[in-house]
Amino acid sequence: MITDEILHLIREQLDGYKATLKVDEVGYVLQIGDGIARVSGLELAMVGELLQFPGNVFGIALNLDRDSVGVAVLGDYSRIREKDEVKRTGRVFEVPAGVGLLGRVVDPLGRPLDDCGAVRADKDRPIEAAAPGVIERQPVTVPLHTGIKAVDAMIPIGRGQRELIIGDRQTGKTAIAIDTIIAQRSGDVACIYVAIGQKQSGVARTVEKLATFGALEHTIVVLATANDSAPLQYIAPYAGCAMAEELAAQGRDVLIVYDDLSKHAVAYRQLSLLLRRPPGREAYPGDVFFLHSRLLERAARFSKERGGGSITALPIIETQAGDISAYIPTNVISITDGQIYLESGLFYAGVRPAINVGLSVSRVGGAAQLRSMRKVAGRLRIDLAQYRELSAFAQFGADLDEGSRRQLQRGEKLVEALKQDESRPLSPDKEILIVYAGVNGHLDDVPNERIPAFERSLLDFYDRDFAQLAARLCDPQTGDQALPELEKVITGFKRSYPPDAWH
């Protein structure tokens, strides 16, 4: 009886058995060095396909030559040897994405670097994706508050915009981006900071600053340092963008900072030269424009059918001696919706943020600005431009009429009022208050060196007695109707607080 039951079970197993044939296409390494492998025998490999090397090391197929495949190795390539086997995986490179990555520091492969355990991801997303079409986008009309007076007043950024931050080394480019991330700590905007080719010590300070100001919990840091290989630096911004797309697909607004794309272009140039692609201008390959356009075009404010979220991109470009007409800067300027240009001369003169108003522009402009700020700051750019022109003229010792002297003094007050300490972003209503005071002449009788103290005391007075004004000033529809109240705030402050009480 037992034998019959055993035979019956065996027959059932045999009847349900179906032979399956698994075929792996396997090649072998012809050459390996500097993070690039040349592989033979993978005739059906596709561009961008993930290939597996021994030791669980992966690479991306970038070049499909007649007799070999050029592969960028993602990871430690020192153990790969000639004639090692290489397998096709049949899939493109993907990274983990989702809200579980917020507050984490990861590498471009999605592996944790912060000793906080494994990464919890909602799903994996391919690092390369097609940019949304026109029908899948909405107009950029919702402001992204940066907390920086000069930016929010004159170069407003909207959710879904691509605003370039450009300037020489050590002029405060990263500081503007980090302050913008800090300004989102109490809002609904998730942030991603992608560090490309930066020093580990510098990135560590940045992460520590985000944690200190309570901004790390809503931020993902994607890190490819200068010590990492060129392939890892190459995929870092695309990995960060894939993480941003997953959050935007869930209906969230996302801010992503690429720091910086100059080093990204250099890493891609290194890869291309090692892959023996023909060099072009400044030894960059011919598709270096496509390198950044296919990345930045993925930033947009998406339609409701696509989730209704947005991706705002702040790419950073480093110039040499203020030359914004160089190859990579002009490429990225033509892709983005405006630029914030930081000038080293202003920086060394103590004007910080060192924004050159004449060369900075937002092509979205007032469409992504609070009504109250738009009305207050309407004359600000003109006043500052006239001040710059007059100050250059006055350097020659020319005699100025009374009107020109007043304009020169007003410009000096505005420049002082727009100065701002690093890591001290302001709320929109406080920005409006300070700009209103400068534009309407309330700082004309304040000595230049006393303007910071005046501002601090004014904001303390406002917080104590007029905090209820904030909601009215920030109303997107009727905020400008609350502006007359600011006159009462400032006159009341001047009446109650003599200059010796400013702190």
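Look up a bit, the structure's there.
Source: prediction; values computed, not measured.

(A) Fine view of the layout of surface pockets. Put simply, the largest pocket is a space of about 1000 Å³. Taken together, 38 residues make up the lining of the largest pocket; nearest its centre are Gln170, Gly172, Lys173, Thr174 and Ala175. Listed by contribution, the elements that provide at least two residues to the lining of the largest pocket are helix 3 (173–183), strand 11 (189–198), helix 4 (200–212) and strand 14 (310–318). Sort the elements by how many residues they give to the lining of the largest pocket and helix 3 lands first, with six residues. Residues belonging to the lining of the largest pocket are distributed by class as follows: 13 nonpolar, eleven polar and 14 charged.

(B) Spatial organisation of the packing of helix 5 (residues 230–249) against helix 7 (residues 288–296). Where helix 5 contacts helix 7, the axes come no closer than 10 Å and their chain directions differ by 15°. Put simply, helix 5 runs roughly parallel to helix 7. In this structure, the crossing between helix 5 and helix 7 has a hand that is left-handed. Across from Tyr234, Pro237, Tyr238 and Cys241 in helix 5, the residues of helix 7 making contact are Leu291, Arg294 and Leu295.

(C) Geometry of the packing of helix 6 (residues 261–274) against helix 7. In contact at an axis separation of 10 Å, helix 6 and helix 7 are set at 130° when each is read in the N-to-C sense. Looking at the two axes, helix 6 sits oblique to helix 7. Relative to helix 7, the crossing made by helix 6 is right-handed. Residue-level inspection shows Leu261, His264, Ala265 and Tyr268 of helix 6 in contact with helix 7, the latter providing Val288, Leu291, His292, Leu295 and Leu296. Of the residues that constitute the contact of helix 6 with helix 7, the class distribution is seven nonpolar, two polar and no charged.

(D) Here's a closer look at the environment of Ser457. For Ser457, the location among the structural elements is in helix 14 (residues 451–465). The spacing of Ser457 and Trp502 is 45 residues in sequence and 5.5 Å in space, taken between C-alpha atoms. Once you skip the residues sitting within four places of it in the chain, Ser457 turns out to touch Phe493, Ala501, Trp502 and His503.

(E) Examining the sheet that holds strand 6 (residues 85–92) more closely. A barrel is described by the order of its strands in space; here six strands give the closed sequence 1-2-5-4-3-6, paired in antiparallel fashion. For this sheet, the mean angle separating the axes of adjacent strands, direction not counted, is 45°. Bridge count for strand 4 (residues 57–64) against strand 5 (residues 69–74) is six bridges, and the pairing is antiparallel. Residue pairing for strand 5: Ala61 is matched across the bridge by Val71.

(F) View of the packing of aromatic side chains. Following the criterion strictly, the structure yields nine aromatic pairs and no others. Summarising the aromatic geometry, the rings of Tyr234 and Tyr268 are spaced 5.4 Å apart at their centres and angled 20° between planes, so their arrangement reads as stacked. You can see Tyr234 sitting in helix 5 and its partner Tyr268 sitting in helix 6, a full 34 residues away along the chain. When sorted by exposure, Tyr234 lands in the same class as Tyr268, which is buried.

(G) Inspection of the sheet that holds strand 12 (residues 219–225) at higher detail. Strand order in the open sheet made by the eight strands is 8-12-11-13-14-10-15-16, with mixed pairing throughout. Looking at strand neighbours, the two that pair on one side only are strand 8 (105–106) and strand 16 (361–362), the edges of this open sheet. Contacts between helix 8 (residues 327–335) and the sheet are confined to strand 10 (164–167), strand 14 and strand 15 (338–342), with strand 10 contributing the most and set at about 155° to the helix.

(H) Inspection of the pattern of salt bridges at higher detail. Under the definition given, this model contains 25 salt bridges. Ionic pairing is found between Arg159 and Asp253, a salt bridge with its closest N-O pair at 2.8 Å. A residue pair is termed long-range when its members are at least 10 positions apart, and Arg159 in the loop between helix 2 (149–154) and strand 10 and Asp253 in strand 13 (residues 253–259) qualify at 94 residues. Residue class for Asp253 comes out buried when judged on its relative accessible area of 16%. Each member of the salt-bridge network shares a partner with another, and the members are Arg137, Arg162, Glu297 and Asp337.

(I) Local environment of the state of the cysteines. Counted according to the given criterion, the structure contains zero disulfides. No disulfide involves Cys191; its nearest neighbouring cysteine sulfur is the one of Cys241, lying 15 Å away. With a relative accessible area of 0%, Cys191 lands in the buried category.

(J) Just the nonpolar core, in detail. Counting 80 residues, the largest nonpolar core has Met154, Ile181, Ile340 and Leu380 as its most contacted members. Ignoring any residue separated from it by four or fewer positions in sequence, one finds Leu380 in contact with Ala153, Met154, Leu414, Leu418, Val435 and Val439. Grouped together as the second largest cluster of nonpolar side chains are 62 residues, Val95, Val194, Ile220 and Tyr341 included.

(K) How the structure looks around the pairing of strand 12. Where burial is concerned, most of strand 12 is hidden: seven out of the seven residues are buried. In strand 12, alternate side chains face the same way, and those of Thr219, Val221, Leu223 and Thr225 on one face and Ile220, Val222 and Ala224 on the other are all buried. Summarising the sheet, strand 8 and strand 12 pair through two bridges and their orientation is parallel. Paired with Val106 across the two strands is Val222, which belongs to strand 12. In this structure, strand 11 lies alongside strand 12, joined through seven bridges in parallel fashion. Within strand 12, the residue paired with Tyr193 across the bridge is Val221.

Here is what the cut-offs are and how they apply
Every chain is numbered on its own, with residues counted from 1 as its sequence reads. Owing to the predicted nature of the model, reporting of local features is limited to residues with pLDDT of at least 70; listing and counting of side-chain atom pairs is limited to 80 or more, with chain, interface and lining totals taken over all residues. Each side-chain value is worked out from all heavy atoms of the structure, with water and hydrogens disregarded. Buriedness for pockets is judged along seven lines, at least five of which must meet protein on both sides within 12 Å for an open set on the 1 Å grid over protein atoms alone, while cavities are sets there where a 1.4 Å probe fits but cannot get out, and lining residues have an atom within 4 Å of a point. Grid points are joined across faces, edges and corners, and a volume is the space filled by probe spheres set on the points. The helix and strand labels rest on DSSP assignments: H or I over at least four residues marks a helix, E over at least two residues marks a strand, and numbering proceeds from the N terminus. Amino acid classes used here: Ala, Val, Leu, Ile, Met, Phe, Trp, Tyr, Cys and Pro are nonpolar; Asp, Glu, Lys and Arg are charged; the rest, including Gly, are polar. Comment: axis = line fitted to C-alpha atoms, over the contacting stretch for helices; angle = value between 0 and 180 degrees taken between N-to-C directions. Our angle categories are set so that under 35 degrees counts as roughly parallel, over 145 as roughly antiparallel, 65 to 115 as roughly perpendicular, and the remainder as oblique. Crossing handedness is defined as follows: a turn of the near helix away from the far one that is anticlockwise and smaller than a right angle gives a left-handed crossing, while the clockwise case is right-handed. Contacts: residue pairs with any heavy atoms within 4.5 Å of one another. DSSP-based pairing: two strands are paired if at least 2 bridges between them are found. To pair, rings of Phe, Tyr and Trp, with the six-membered ring standing in for Trp, must have centres within 6.5 Å; the planes then decide the type, stacked if under 30 degrees apart, edge-to-face if over 60, and tilted in the middle. Classification of residues uses two cut-offs on accessible area relative to the type maximum, computed with a 1.4 Å probe and protein chains only: under 20% is buried, over 50% is exposed, and between them is partly exposed. The rule for a salt bridge is simple: a side-chain nitrogen of Lys or Arg has to be within 4 Å of a carboxyl oxygen of Asp or Glu. In this description, a disulfide is simply a cysteine sulfur pair whose atoms lie within 2.5 Å. Throughout, nonpolar core names a set of buried Ala, Val, Leu, Ile, Met, Phe, Trp, Tyr and Cys residues whose side chains join them through atoms within 4.5 Å.

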